Structures are given as structure tokens and as C-alpha cells.
Amino acid sequence: MMKNSGTVRLETERLVLRPFAAEDADAMYRNWASDSQVTKFLFWEPHKDVDETRGILEGWIQSYGSGDFYNWAIAWKEDESNVIGSLGVPQLNQKAGRVTVGYCLSRKWWRHGIMKEAFAEVIRFFFEEEGANRVEALHDTRNVNSGKVMAACGLKKEGTLRQYGWNNQGICDECIYGMVASDYFEGK
């Protein structure tokens, strides 16, 4: 059984992963939530205004009281107030010890190794601290860069699920990547 610590503060060489705060609404809206390029392969549409972002943050902040809610704001260590992305767990299966991770990042910071750095830390956290058995992620087959992040973090491509998902492009095929605890610890 997983530990269920919830969204605890994590740090990497350059980044802080922390719970969202109400004060993050403006930066979240400005940096990625309103950008149709960022949300192109996501299941939620770009936010129409910062009030929509505030409303979503309110719900997330209320959910932080639950030990099985994981949703991190990604920020630079030097400026934690300017969040540049998010990384969370839209699906959690306690009995299987399985976490499905999703992420998005401000377009300004694409191709800088940021999501790889953040996702690698979350993978470490789930295996080493939460006792997860499996970490997985999926991406629209047309969003190849997301798959590159998954592979760079050590997840293995396990296959393509035909017409499995839906996002802002419609029904889509999705690639599934995964790593199990035994593979993670074998590499340590």
C-alpha cells in the first residue's frame, strides 16, 4: 500500500515542486493555462481569463487536505512565485500501487530539460518515498516530444492504445510508457 503523503515540497538542482497557492493564478494563466499551444494535446481547453484559473486553483488547494492528491506547481528555485508549469497525478490506483502522471509547461521553457528534471524527481518520490509499484504516463501519438520526456526519465514505451484518449484534437491514439519499482531499484 502506498504511503499517501500528498503534494509535498520537492527540490531538484534548478527547480522547486510545491503545492499551488492562490497567488499563483496570474502566473499560471499567463505562462501556460491560456496558451492554446500548451493545451493542444491536453483534455482541458485554454482558460478564458484569470478568474477561471483562480477557480481551478481553489479546487486544487481544497484537495491538498487529502493524502492521495498530488499536483505540483513547477517554479525556479530563485523565484518560486513565478510558476512555469504543473505536474500531477490524474489517476491513482491504490491497490495496484499505480500512479499515472500528467504534466504541462510554459512554452517559453520547452526544450530546456525542465520537465525531465521535474518528472524524474517525481518518479523518485513515488518509488522511494511513497512506495509506488508503477509510474506511468500517456501521450497523444502526435505529441512526440512528450514521449521523449518519458523515455528520458527511464519509462519504457509499452505500446499504442488505439483511439484511447480524447484531447483538444479529438479522439486520439495514445502511447503508454511505464516503469515498475523493480526496474527503478535495479538501476540504483
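Details of the structure are given in the entry above.
Because the structure is a prediction, the values reported are computed rather than measured. (Residues numbered from 1 in each chain as written. Predicted model: local features only at pLDDT ≥ 70, side-chain atom pairs only at ≥ 80, totals over all residues. Heavy atoms only, no water.)

Q: Honestly, the packing of helix α1 (residues 25-33) against helix α2 (residues 50-63) in this entry has me stumped. Any pointers?
A: Helix packing geometry: the angle between the two helix axes and the distance between the axes. Two elements in contact, α1 and α2, have axes separated by 9 Å at closest approach and are oriented at 115°. The angle between α1 and α2 places the two elements in the roughly perpendicular class. At the point where α1 passes α2, the crossing takes the right-handed sense. Only Val50, Thr53, Arg54, Leu57 and Trp60 of α2 make contact with α1, whose side of the interface consists of Ala25, Asp26, Met28, Tyr29 and Ala33. A breakdown of the residues in the contact of α1 with α2 according to their chemical character gives 7 nonpolar, 1 polar and 2 charged. (Axes fitted to C-alpha atoms, helices over the stretch in contact; angles between N-to-C directions. Helix = DSSP H or I, 4+ residues; strand = E, 2+ residues; numbered from the N terminus. Parallel < 35°, antiparallel > 145°, perpendicular 65-115°, else oblique. Left-handed = near helix turned anticlockwise from the far one by under 90°. Contact = heavy atoms within 4.5 Å. Nonpolar A, V, L, I, M, F, W, Y, C, P; charged D, E, K, R; others polar.)

Q: Sorry if this is basic, but what is going on with the nonpolar core here?
A: As a rule of thumb, soluble globular proteins bury nonpolar side chains together. Counting 36 residues, the largest nonpolar core has Trp72, Ile74, Leu87, Phe119, Ile123, Phe126 and Leu155 as the members making the most contacts within it. The element best represented in this core is helix α3 (residues 114-129), accounting for 9 residues. Residues Trp32, Leu42, Tyr64 and Ala73 belong to the second largest nonpolar core, which totals 16 residues. (Core = buried A, V, L, I, M, F, W, Y, C linked by side-chain atoms within 4.5 Å. Buried < 20%, exposed > 50% of the residue type's maximum accessible area, 1.4 Å probe, protein only.)

Q: How do you make sense of the side chain of glutamate 174 when you look at a structure like this?
A: Assignment of secondary structure puts glutamate 174 in strand β8 (residues 170-180). In this structure glutamate 174 is buried but unpaired, with arginine 142 as the nearest side chain of opposite charge at 8.7 Å. Contacts of glutamate 174, omitting those with residues within four sequence positions, involve Leu138, His139, Asp140, Thr141, Gly159, Thr160, Leu161, Tyr164 and Gly165. (Lys, Arg positive; Asp, Glu negative; His and termini not counted. Salt bridge = Lys/Arg side-chain N within 4 Å of Asp/Glu carboxyl O.)

Q: Help me understand the environment of leucine 42, please; the structure alone is not making it clear to me.
A: Relative to the assigned elements, leucine 42 resides in the loop between α1 and α2. The buried category is assigned to leucine 42, whose relative accessible area is 16%. Placed 61 residues apart in sequence, leucine 42 and tyrosine 103 show a C-alpha to C-alpha distance of 9.2 Å. Setting aside anything within four residues of it in sequence, one finds leucine 42 in contact with Tyr103, Cys104, Asn167 and Asn168.

Q: What am I meant to see in the pairing of strand β2 (residues 15-19) here?
A: Side-chain direction in a regular strand flips from residue to residue, so the side chains alternate between the two faces of the sheet. Counting buried positions over the 5 residues of β2 gives 4, a clear majority of the element. Bridge analysis of β2 against strand β3 (residues 71-76) gives 5 bridges, and the strand direction is antiparallel. Residue pairing for β3: proline 19 is matched across the bridge by tryptophan 72. (Pairing = 2+ DSSP bridges.)

Q: Is there a simple way to think about the sheet that holds β8 in this case?
A: Through backbone hydrogen bonds, the strands of a sheet pair up, either in parallel or in antiparallel fashion. The 8 strands lie next to each other as β1-β2-β3-β4-β5-β6-β8-β7, forming an open sheet whose pairing is mixed. Edge positions in the open sheet fall to β1 (10-11) and β7 (156-167), since each of these has one partner strand only. Packed onto the sheet, α1 meets β4 (79-93) and β5 (98-105) and runs at close to 75° relative to β4. Running at roughly 160° to strand β6 (residues 134-140), helix α4 (residues 144-152) makes contact with β5, β6 and β8 of the sheet.

Q: I would appreciate a short explanation of the packing of aromatic side chains in the present structure.
A: Summed over the entire model, instances satisfying the criterion amount to 13 aromatic pairs. Note on phenylalanine 20 and tryptophan 32: the rings are 6.4 Å apart at their centroids and 50° apart in plane angle, and the pair reads as tilted. You can see phenylalanine 20 sitting in the loop between β2 and α1 and its partner tryptophan 32 sitting in helix α1, a full 12 residues away along the chain. Summarising the burial analysis for this pair, phenylalanine 20 and tryptophan 32 share the class buried. With a centroid separation of 6.0 Å and 80° between ring planes, the pair formed by tryptophan 72 and phenylalanine 126 is classed as edge-to-face. On the criterion of sequence distance, the pair formed by tryptophan 72 in strand β3 and phenylalanine 126 in helix α3 is long-range, its members being 54 residues apart. (Phe/Tyr/Trp six-rings, centres within 6.5 Å; stacked < 30°, edge-to-face > 60°.)

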